[in-house]
Amino acid sequence: MPLLARMLPAPLTMEVRRGAVAELGALLSDSRVATSGRVAVAVGRGQGDHIESLIAPQLGEAEVFRVADGSVDAAVSLGADLRKAAYEVVVGVGGGKTIDVTKYAASLAGIPMVAVATNLSHDGICSPTASLVYEGGKGSFGVPMPLAILVDLDFVHNAPESLVRAGVGDVVSNLSAIDDWQLGNVERGEPIDGLACSMSRTAAEALIGRGDSIESDAFLTVLAESLILSGMSMVIAGSSRPASGGDHEILHAVDQLFPGTSNHGELAGIGAAFCFFLREDEARVTQVVDCLRRHKLPVVPADIGLTGQQFAEAVALAPATRPGRYTILEHLRMQDSEIHDRVGDYVRAFGS
Ligand SMILES: [Zn+2]
């Protein structure tokens, strides 16, 4: 009999709640995660002491490593440490950087990884890629999905507000990415994965109309779930396509031309709003802009300290950041003067 379903990779455990870090020991004693108890824990520099004090009583035997920064070097060095002592599993506790470094280090050491997220700035918690800094810039490295995912809302409440709000921008940009994928399907015959689309879209739709924001546990729970679903949609698709379109091309171009301008999620949100503006999808652009404003996220270039001209330069460079990906930007093939005019129109329409 033919196989009438496809098997999907998924983490063994996913929990979003307060106090998750304090109960990490119980998760790790689950025999599916660690059988002999040789556990390594990687923490960032910022909140490493606090995290260590919470987990030390539960994980007496575990060795704690400090992750210096979000670089490839830090990941390679952690990977070497993990290999030396034959750990069974490594737990990465922290924000995006620490989790990405731990993901890559675990893949180098050939051991599974548990992700414990303490903020919600982007959909890398569960994605099959690690975004790391190297001498020439920033790169995306393919890694296995985490074995288990925990999000500790106590930590998220204490994380810098802007980093938590940023996650909203990254989730909302899924809607633009899916439109781009569908465009690629229609215009170029690119295969599209309906299941990956539905997960990525559902994640964004669950969030975009909510009236509450990051002070509410209910909102943070949906935000965390949406970010995890986005990550899983990319695993299922086998690429970042369901959560990264012209919006993320603009983001990467801003990062290249004007490093340090803003964070990933904030730029993804602006990129998505601008792409819907280019598509002349009035309903969606209004909905996305309203959502960004409700969560105090930037909407126009001036909100992130860029001039219209600088933003237009980034839009012009954007297609080159992801060769081969067909989005509204590649579709329109605008000349510089046209980009300049459209950015001007966008700022006039949505600048405050
Ligand atoms: Zn993203």
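Worth saying up front: this structure is predicted, and the values here are computed from it rather than measured.

Which parts of the structure should I look at to understand the domain arrangement of the protein?
Many analyses report the size of an interface as the accessible area lost when the parts associate. Each assigned domain of the protein is listed with its residue range as follows: domain 1 (13-158) and domain 2 (161-350). Domain 1 and domain 2 are separated by 27 Å when their C-alpha centres are compared. Contact with domain 1, which involves 18 residues of that partner, is made by 24 residues of domain 2. Summed over both sides, the interface between domain 1 and domain 2 buries roughly 1700 Å², with carbon and sulfur atoms accounting for 74% of that surface. Here domain 1 is connected to domain 2 by 1 salt bridge. Arginine 18 serves as the salt-bridge partner of aspartate 217, at 2.8 Å between the closest nitrogen and oxygen. Elements with a minimum of two residues in the side of domain 1 that touches domain 2: β1 (13-17), β8 (148-152) and α5 (153-158). In terms of residues, the side of domain 1 that touches domain 2 owes the most to one element, α5, which gives 3 residues. Across the side of domain 1 that touches domain 2, the residue classes break down as 11 nonpolar, 5 polar and 2 charged.

Teacher, can you tell me more about the pattern of salt bridges here?
Two side chains carrying opposite charge are able to pair once their charged atoms lie near each other. For the structure on display, the rule yields 16 salt bridges. In this structure, the salt-bridge partner of lysine 103 is aspartate 100, at a minimum N-O distance of 3.8 Å. Taken together, the residues span about one helical turn, with lysine 103 and aspartate 100 both in helix α4 (residues 96-109) at a distance of 3 residues. In terms of burial, lysine 103 and aspartate 100 fall into one category: buried. Notably, a salt bridge pairs glutamate 205 with arginine 284, separated by 2.6 Å at the nearest N-O pair. With a gap of 79 residues between them, glutamate 205 in helix α7 (residues 194-208) and arginine 284 in helix α11 (residues 282-294) connect regions that are remote in the sequence. A relative accessible area of 35% means that glutamate 205 is categorised as partly exposed. A cluster of three or more residues bridged by salt bridges with shared partners is formed by Glu15, Arg17 and Glu23.

Criteria and cut-off values
- Residues numbered from 1 in each chain as written.
- Predicted model: local features only at pLDDT ≥ 70, side-chain atom pairs only at ≥ 80, totals over all residues.
- Heavy atoms only, no water.
- Domains from an automatic or database assignment.
- Contact = heavy atoms within 4.5 Å.
- Buried area = accessible area lost by both parts, 1.4 Å probe.
- Salt bridge = Lys/Arg side-chain N within 4 Å of Asp/Glu carboxyl O.
- Helix = DSSP H or I, 4+ residues; strand = E, 2+ residues; numbered from the N terminus.
- Nonpolar A, V, L, I, M, F, W, Y, C, P; charged D, E, K, R; others polar.
- Buried < 20%, exposed > 50% of the residue type's maximum accessible area, 1.4 Å probe, protein only.

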